[in-house]
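Residues per chain are reported as follows:
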Amino acid sequence: MTTVIHMKEQTVKSKSKAETQSLAFRLGEILSKPIVILLKGDLGAGKTTFTQGLAKGLGITKTVNSPTFNILKLYQGRMQLCHIDAYRLEGIHQDLGFEEYLIDGEGVCVVEWPMYISDLLPKEYLEIEILNETEDNRCIHIRAIGEDAQKILEEWL
Ligand code: ADP
Ligand code: MG
């Protein structure tokens with residue numbers, strides 16, 4: 001049996017915080033099915049900034065901020081947004097109940113620092129890696145793994 005893995009990649013540039021947020025806003029606007037979005041990039045790359053735009057696109061009016069001290073936060077919009085920041089989970093292998101959002105999720109689940117919970121991640125997802133070029137310029141690499149993620153990427157960009 002052969003398994004076909006749907007994968008698609010694209011790169012976009014952002015010149016400001018507002019540009020990153022509007023890119024993310026457009027993604028939030030088109031989402032209508034559960035999806036996991038992995039956000040990679042150094043501290044200060046713009047992962048939380050991206051999540052803020054995404055949340056607005058999902059119709060969330062509450063301010064999204066870094067969940068570093070909470071690890072997981074839930075917001076209610078057109079769909080539920082689960083925002084996980086796994087930064088402080090490096091080397092910690094504990095059942096934190098994230099599967100509810102990562103595997104059988106009913107909403108959108110955004111994960112900052114996904115490498116720290118790599119054994120909990122689903123097989124299909126949208127991955128967004130933000131690279132700092134200058135103080136305000138970012139290179140945003142997007143990879144869609146799986147058919148649903150690929151469809152989203154096609155509609156988004
Ligand atoms: P992370 O969650 O990746 O640690 P944050 O989103 O909290 O990063 O912070 C990103 C910082 O970079 C913010 O202070 C934001 O204003 C700034 N910034 C400057 N240019 C950009 C850009 N093009 N895209 C996103 N953030 C930017
Ligand atoms: Mg952050």
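In what follows, the accompanying structure is described. On a predicted model such as this, the values are computed, not experimentally measured, just so you know.

### A closer look at the overall build of the chain
Here is step 1 of the chain: Along the backbone of the chain there are 4 helices and 7 strands.
Here is step 2 of the chain: A separation of at least 24 residues holds for 62% of the contacts in the chain among residues at least 6 apart in sequence.
Here is step 3 of the chain: Surface accessibility of the chain: about 8,600 Å² in total, with carbon and sulfur atoms responsible for 49%.
Here is step 4 of the chain: Side-chain charges in the chain split into 17 positive and 23 negative, and the spacing between the mean points of these groups amounts to 5 Å.

### Some points on the site of ligand 1
Here is step 1 of the chain: Of all residues adjacent to ligand 1, which total 17 residues, the nearest are Thr20, Gly44, Lys47, Thr49 and Asp136.
Here is step 2 of the chain: Between a nitrogen atom of ligand 1 and a side-chain N or O atom of Thr20, the distance comes to 2.6 Å.
Here is step 3 of the chain: Within the backbone of Ala45, an N or O atom sits 3.3 Å from an oxygen atom of ligand 1.
Here is step 4 of the chain: When isolated, ligand 1 has an accessible area of 570 Å², and the protein chains bury 76% of it.
Here is step 5 of the chain: Of all the elements in the fold, those that place two or more residues in the shell around ligand 1 are helix H1 (17–30) and helix H2 (47–57).
Here is step 6 of the chain: For the shell around ligand 1, the leading source of residues is H2, giving 3 residues.
Here is step 7 of the chain: Taken together, the residues of the shell around ligand 1 sort by class into 2 nonpolar, 7 polar and 8 charged.

### A closer look at the coordination of the magnesium ion (ligand 2)
Here is step 1 of the chain: Taken together, the protein ligands of the magnesium ion (ligand 2) are Thr48 (OG1) and Glu112 (OE), with distances of 2.2 to 2.3 Å. With a gap of 64 residues between them, Thr48 in helix H2 and Glu112 in strand E5 (residues 108–112) connect regions that are remote in the sequence.
Here is step 2 of the chain: Here Glu112 falls in the buried class, since its relative accessible area comes to 3%.

### Structural notes on H1
Here is step 1 of the chain: For H1, with 14 residues, the first-to-last C-alpha span of 21 Å sits near the 20 Å given by 1.5 Å per residue.
Here is step 2 of the chain: Residues of H1 that are buried include every one of Thr20, Gln21, Leu23, Ala24, Leu27 and Gly28, and no others. Viewed along the axis of H1, the buried residues span an arc of 160°, placing them on a single side of the element.
Here is step 3 of the chain: Among the structural elements, strand E1 (7–14), strand E2 (35–40), H2, strand E6 (125–132), strand E7 (138–145) and helix H4 (147–156) are those in contact with the buried residues of H1.

### What about the sheet that holds E6?
Here is step 1 of the chain: One open sheet accounts for 7 strands, arranged E1-E7-E6-E2-E5-E4-E3; its pairing is mixed. In this open sheet, the two edge strands, each paired with only one partner strand, are E1 and strand E3 (72–76). Each strand of the sheet is rotated relative to its neighbour by a mean of 15°, with strand direction disregarded.
Here is step 2 of the chain: When E2 meets E6, the two strands line up parallel, connected through 4 bridges. Among the inter-strand pairings, Lys40 is bridged to a residue of E6, identified as Glu129.
Here is step 3 of the chain: With respect to the sheet, H2 is in contact with E2, strand E4 (80–85), E5 and E6, its orientation differing from that of E5 by roughly 170°.

Criteria and thresholds
- Residues numbered from 1 in each chain as written.
- Chains lettered and ligands numbered in written order.
- Predicted model: local features only at pLDDT ≥ 70, side-chain atom pairs only at ≥ 80, totals over all residues.
- Heavy atoms only, no water.
- Helix = DSSP H or I, 4+ residues; strand = E, 2+ residues; numbered from the N terminus.
- Contact = heavy atoms within 4.5 Å.
- Areas by Shrake-Rupley, 256 points an atom, 1.4 Å probe, with all protein chains shown as cover.
- Lys, Arg positive; Asp, Glu negative; His and termini not counted.
- Charge placed at Lys NZ, Arg CZ, Asp CG, Glu CD.
- Near = heavy atom within 4 Å.
- Polar contact = N/O pair within 3.5 Å; in protein donor to acceptor, adjacent residues only side chain to side chain.
- Nonpolar A, V, L, I, M, F, W, Y, C, P; charged D, E, K, R; others polar.
- Donors = N, O, S within 2.8 Å, 3.2 Å for Na, K, Ca; no water.
- Buried < 20%, exposed > 50% of the residue type's maximum accessible area, 1.4 Å probe, protein only.
- Expected span 1.5 Å × (residues − 1).
- Arc of directions from axis to C-beta.
- Pairing = 2+ DSSP bridges.
- Axes fitted to C-alpha atoms, helices over the stretch in contact; angles between N-to-C directions.

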